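Commentary on secondary and tertiary structure
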Amino acid sequence: QVQLVESGGGLVQAGGSLRLSCAASGNIFRLNAMGWYRQAPGKQRELVARITSTGDTNYADSVKGRFTISRDNAKITVYLKMNTLKPEDTAVYYCNAAISPFSYSGDRAYWGQGTQVTVSS
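These numbers were taken from a predicted model, which means no experiment stands behind them. (Residues numbered from 1 in each chain as written. Predicted model: local features only at pLDDT ≥ 70, side-chain atom pairs only at ≥ 80, totals over all residues. Heavy atoms only, no water.)

1. A word on the packing of aromatic side chains
To be explicit about the condition: Pairing of aromatic side chains here covers Phe, Tyr and the six-membered ring of Trp, requires ring centres within 6.5 Å, and sorts the geometry by plane angle: under 30 degrees stacked, over 60 edge-to-face, intermediate tilted. Secondary structure counts use DSSP, requiring at least four H or I residues in a row for a helix and at least two E residues in a row for a strand, with both numbered from the N terminus. With a 1.4 Å probe rolled over the protein chains alone, any residue whose accessible area is under 20% of its type maximum counts as buried; one over 50% counts as exposed, and the rest are partly exposed.
Applying the stated criterion across every chain, the model contains two aromatic pairs. Ring geometry for Tyr-37 against Trp-111: centres 5.0 Å apart, planes inclined by 65 degrees, an arrangement best described as edge-to-face. Of this pair, Tyr-37 sits in strand E4 (residues 30-39) while Trp-111 sits in strand E10 (residues 108-111), placing them 74 residues apart in sequence. What makes Tyr-37 partly exposed here is its relative accessible area of 22%.

Structure, rendered in structure tokens:
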């Protein structure tokens, strides 16, 4: 059983900062790419940022220069530092990870339960 547990969401004023964390636990033989997605009311879930096992990153155009994704493989944790937040960043943020639970299994996508980020104007 693999679990992803997010933390760090909340309410912040426009221009402020937050840092999200997502810790993985359980049967983890291999941890590959990790990422953050978000879903605003009435909109589809979208990729915010992604980081590979070797540290390569990519970001949505809307967050480039403001958000930074990082990971600590020893702690099996991925972070999202969000600066200069805007009201349009308001959404539920979900952690995602590609994990092989066993040596004989392929990668499977796991999701966290989501954490609310609300940016007031």
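2. Some details on the pattern of salt bridges
How we decide: Salt bridges, as used here, are contacts in which a Lys or Arg side-chain nitrogen is within 4 Å of a carboxyl oxygen on Asp or Glu.
Under the defined criterion, the tally for this structure stands at four salt bridges. Between Lys-64 and Asp-61 there is a salt bridge, with the nearest N and O atoms lying 3.1 Å from each other. Residue Lys-64 is classed as partly exposed on the basis of its relative accessible area of 49%. A single network of salt bridges, built from pairs that share partners, joins Arg-38, Glu-46, Arg-66 and Asp-89.

3. Examining unusual backbone geometry
The backbone phi angle of Ile-76 is positive, close to 50 degrees, even though this residue is not glycine. The topology assignment puts Ile-76 in the loop between strand E7 (67-72) and strand E8 (77-82). Classification of Ile-76 as partly exposed rests on a relative accessible area of 24%. Of note, Thr-84 is a non-glycine position whose phi angle comes to about 45 degrees, a positive value. Within the fold, Thr-84 resides in the loop between E8 and strand E9 (91-100).

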